[in-house]
Each structure stands twice: as structure tokens, then as C-alpha cells.
Amino acid sequence: MRRLGEKGLKVDLVSQLCLQLLQEIDVRGLRVIDVGTGSGVLALAAWRLQASSVTAIDSDPDALQNARDNVQRNGATGAADTVQADLSYLPPLPVHRAN
């Protein structure tokens with residue numbers, strides 16, 4: 001794990017790789033959905049990369065609270081909508097990037 005940004009979010013290796021991929025995509029003005037948001041680090045990154053709308057989804061209420069806390073700690077209150085949902089019932093969908 002390594003820290004990201006001034007507020008010290010710890011980021012695992014897979015999230016680091018996703019962050020690198022996210023930075024290669026021009027998300028300015030796009031809607032970004034972070035499914036399985038956990039800490040919210042990818043949602044925060046999308047916001048910082050100027051996505052027009054960011055939605056952070058997780059089935060775990062504790063994870064969502066963690067994401068909300070991290071968004072607030074990083075001065076991004078209101079940057080992402082958080083939604084508690086279990087999306088395991090959905091059929092496989094084409095994915096542009098996945099973590």
C-alpha cells in the first residue's frame with residue numbers, strides 16, 4: 001500500500017494500476033461509475049480528473065461510509081454520489097476499465 005495525495009489515502013496495488021489507467025483516459029465531462037468503491041479512491045481520482053458526474057457504488061455500508069469520509073477529508077464534499085447496491089444480479093456487461 002502507498003499513500004495518495006496530501007490526505008494520505010492508502011492505495012493497494014490493483015487500485016494503483018487502475019489509477020494509472022484512469023489517468024490515460026480523458027474523463028473530462030464524462031460520467032464515471034466506481035463499482036465496488038471501497039475507500040473511494042477511484043471516485044476521487046475521477047473527480048480530480050474533471051469527470052462531470054461521479055457515482056460511487058458499494059454493497060457494504062461501512063465501505064460507503066469510508067468513501068464518504070475520504071471524499072470529505074480530501075476537500076471534495078459533494079464530488080461523488082454514493083449508492084449502496086448489490087449489483088451481483090446484473091448480467092455481464094461490456095466494461096471499458098475494471099478493478
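The structure this text deals with has already been given above.
No experiment lies behind these values; they were computed from the predicted model shown.

Visitor: I'd like a description of the overall build of the protein chain, backed by residues and values.
Guide: Of the regular secondary structure elements, the protein chain holds three helices and five strands. Counting helices and strands in the order they occur from the N terminus, the protein chain gives β-β-α-β-α-β-α-β. Looking at the protein chain residue by residue over its 99 residues, the buried ones come to 35%. Taking all contacts inside the protein chain whose residues are at least 6 apart in sequence as the whole, residues at least 24 apart take part in 50%.

Visitor: Lay out the packing of helix α1 (residues 13-24) against helix α2 (residues 41-48) in plain terms, naming residues and giving numbers.
Guide: Close contact between α1 and α2 brings their axes to 10 Å; oriented N to C, the two are set at 20°. Overall, the two elements α1 and α2 adopt an arrangement that is roughly parallel. Taken as a pair, α1 and α2 cross one another with a handedness that is right-handed. In contact with S15, C18, L19 and L22 of α1, α2 contributes V41, L42, A45 and A46. The residue makeup of the contact of α1 with α2, split by class, is seven nonpolar, one polar and no charged.

Visitor: Before we move on, could you go through the pattern of salt bridges and cite the residues and values that matter?
Guide: The final tally for this structure, using the stated rule, is one salt bridge. Two residues, D26 and R28, come together in a salt bridge whose shortest N-O distance is 2.8 Å. Owing to a relative accessible area of 47%, D26 belongs among the partly exposed residues under this scheme. Here R28 falls in the exposed class, since its relative accessible area comes to 54%.

Visitor: Could you give an account of the nonpolar core, naming the residues involved and the relevant values?
Guide: A46, A51 and V54 are the most contacted members of the largest nonpolar core, which totals 14 residues. Of all the elements in the fold, those that place two or more residues in this core are α1, α2 and β4 (53-58). Considering every element that reaches this core, the biggest residue donor is α2, with five residues. Contacts of A51, omitting those with residues within four sequence positions, involve V27, R28, G29, L30, V32 and A46.

Visitor: Could you give me a rundown of the pairing of β4, with the residues and numbers involved?
Guide: Counting buried positions over the six residues of β4 gives five, a clear majority of the element. One ladder, built from five bridges, connects strand β3 (residues 31-35) with β4; its direction is parallel. Within β4, the position partnered with V32 by the bridge is V54. Handedness of the crossover is the feature at issue here: the chain leaves β3, passes through α2, returns alongside β4, and the resulting connection is right-handed. Pairing analysis gives four bridges linking β4 to strand β5 (residues 81-84), with the strands arranged parallel. In the strand pairing of β5, T55 is matched with D81.

Calculation rules
Residues numbered from 1 in each chain as written. Predicted model: local features only at pLDDT ≥ 70, side-chain atom pairs only at ≥ 80, totals over all residues. Heavy atoms only, no water. Helix = DSSP H or I, 4+ residues; strand = E, 2+ residues; numbered from the N terminus. Buried < 20%, exposed > 50% of the residue type's maximum accessible area, 1.4 Å probe, protein only. Contact = heavy atoms within 4.5 Å. Axes fitted to C-alpha atoms, helices over the stretch in contact; angles between N-to-C directions. Parallel < 35°, antiparallel > 145°, perpendicular 65-115°, else oblique. Left-handed = near helix turned anticlockwise from the far one by under 90°. Nonpolar A, V, L, I, M, F, W, Y, C, P; charged D, E, K, R; others polar. Salt bridge = Lys/Arg side-chain N within 4 Å of Asp/Glu carboxyl O. Core = buried A, V, L, I, M, F, W, Y, C linked by side-chain atoms within 4.5 Å. Pairing = 2+ DSSP bridges. Right-handed = clockwise from strand over helix to strand, strands pointing away.

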